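# Observations on chain architecture
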Amino acid sequence: MVASLPSNDHPLTLRLLSALFYGLASIIIVFVNKILLTNLGFPSFFVVGLGQMASTIIILRVLSFFRKATIPSYDNSIIRKVFPLPLLYIVNLITGLGGTQAINLPMFTVLRRFSIAMTMGLEYVVLGVVASYAVRFSVFLMIAGSVVAAIYDLTFDIIGYSYILANNAATAANGVYMKKKLDAKDLGRDGLLYYNCLFMFPPALLFAYYTGDIDKTMEFVCGGSMTVSLWLSFLLSCVCGFVLNYSLMLCTHYNSALTTTCIGPIKSSISIIQNLIVTYAGMFTSGDFVFGWANFLGINISVFGSILYTYVTFRKSSSKNRSIVVSAKSVEKRPLV
């Protein structure tokens with residue numbers, strides 16, 4: 001007797017390609033933001049976030065004009081259909097940029113793994129999804145390595161760590177609720193992303209003005225500190241922000257919220273490469289990593305957990321369409337009543 005295992009609603013090819021797209025976008029924007037905020041000394045991560053939101057709104061509106069994107073017309077139900085995503089989006093954006101500026105790149109990458117456990121818990125509470133034992137063990141390794149690396153981090157910054165913990169919580173909630181909104185299909189991918197940024201841009205702009213980030217940035221620009229390299233890096237960060245947001249939406253649509261959160265360690269060799277590139281290359285390129293054996297060991301434990309998660313998830317994905325062959329003899333021996 002042959003029974004088929006349930007398969008995912010979307011083809012494996014689309015799931016893998018969307019994961020690869022998001023993984024590559026994640027690699028690029030982390031390095032671009034690190035260079036802009038730390039190496040080139042741009043004064044405000046909040047203004048960078050505003051630039052990324054503005055570019056997302058403008059690009060989607062232009063694509064909609066040329067009929068390359070579908071944005072539903074505004075009505076009174078839009079706010080209800082979108083929230084709480086705009087609030088989670090802005091918290092995720094600002095705390096992520098703040099953490100990138102405050103702590104070294106390898107520790108940023110490692111500490112972000114705490115969002116995986118948070119996502120796993122929220123998926124269970126909100127979506128009713130239960131992770132397998134293998135997935136939970138790999139997540140445990142990632143978290144354990146992160147704890148070891150964080151305890152012995154020689155550049156410990158309480159503000160930077162607070163940013164990352166808040167970013168982890170926002171990432172987990174944003175991923176789970178985004179999956180819920182996408183499954184509802186009320187606004188579509190383009191509409192959800194567009195109204196996400198549109199609703200949060202005005203209050204974010206007011207907050208940036210209130211905190212002095214706008215004035216600080218204007219002084220920086222008017223003082224002649226904005227070189228050609230800084231302008232190019234800022235514009236590239238804005239465009240990368242749109243690409244990252246769109247790729248995140250695609251990945252969440254075709255995969256689970258947990259897979260999107262774990263994009264560094266999932267599904268394919270490029271995801272492994274992402275972890276190795278961001279973690280190890282960051283030690284030599286970011287200029288703010290202080291070497292310590294315990295810290296280095298913790299990072300490696302976390303990376304190993306990422307690789308294990310990749311293997312478990314990829315094996316699970318490749319085996320979903322297999323058939324289970326049940327011995328007829330064992331079935332025949334069971335009593336009918």
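Here is a short report on the structure shown in this document. (Residues numbered from 1 in each chain as written. Predicted model: local features only at pLDDT ≥ 70, side-chain atom pairs only at ≥ 80, totals over all residues. Heavy atoms only, no water.)

## Here's the deal with the nonpolar core
By size, the foremost hydrophobic cluster in this structure holds 49 residues, and its most contacted members are Phe42, Met53, Val82 and Leu192. Those elements that place two or more of their residues in this core are α1 (12–39), α2 (45–65), α3 (78–82), α4 (85–102), α8 (158–184), α9 (188–210) and α11 (228–254). When residues no more than four places from it in sequence are discounted, the contact partners of Met53 are Tyr89, Ile90, Leu93, Cys197, Met200, Phe201 and Ala204. Counting 11 residues, the second-largest nonpolar core is a separate cluster that includes Ile116, Met120, Ala131 and Leu258. (Core = buried A, V, L, I, M, F, W, Y, C linked by side-chain atoms within 4.5 Å. Buried < 20%, exposed > 50% of the residue type's maximum accessible area, 1.4 Å probe, protein only. Helix = DSSP H or I, 4+ residues; strand = E, 2+ residues; numbered from the N terminus. Contact = heavy atoms within 4.5 Å.)

## Points about α2
Counted at 1.5 Å a residue, the expected span for α2 with its 21 residues is 30 Å, and the 30 Å between its end C-alpha atoms agrees. Arg67, located one to two residues past α2, shows a positive phi value of around 60 degrees. (Expected span 1.5 Å × (residues − 1).)

## Things to note about the packing of aromatic side chains
In this description, an aromatic ring pair is defined by two values, namely the gap between the centres and the angle between the planes. Summed over all chains, the structure comprises 12 aromatic pairs. Taken together, a centroid distance of 5.3 Å and an interplanar angle of 35 degrees make the contact between Phe46 and Phe207 tilted. One end of the pair, Phe46, is in helix α2; the other, Phe207, is in helix α9, with 161 residues separating them in the sequence. What makes Phe46 buried here is its relative accessible area of 7%. Counting every residue linked through ring pairs, the aromatic cluster contains Tyr74, Phe83, Tyr194, Tyr195 and Phe199. One residue, Arg136, lies across the ring of Tyr133, its end atom 4.4 Å from the ring centre. (Phe/Tyr/Trp six-rings, centres within 6.5 Å; stacked < 30°, edge-to-face > 60°. Lys NZ or Arg CZ within 6 Å of the ring centre and 35° of its normal.)

## Quick look at unusual backbone geometry
A cis geometry characterises the amide bond from Phe83 onward to Pro84, with omega recorded as 10 degrees. By the secondary structure assignment, Pro84 is in the loop between α3 and α4. Positive phi is not limited to glycine here, since Arg67 has a value of about 60 degrees. Here Arg67 lies in the loop between α2 and α3. Using a relative accessible area of 77% as the deciding quantity, one classes Arg67 as exposed.

None of the figures reported here should be taken as evidence of function without further support.
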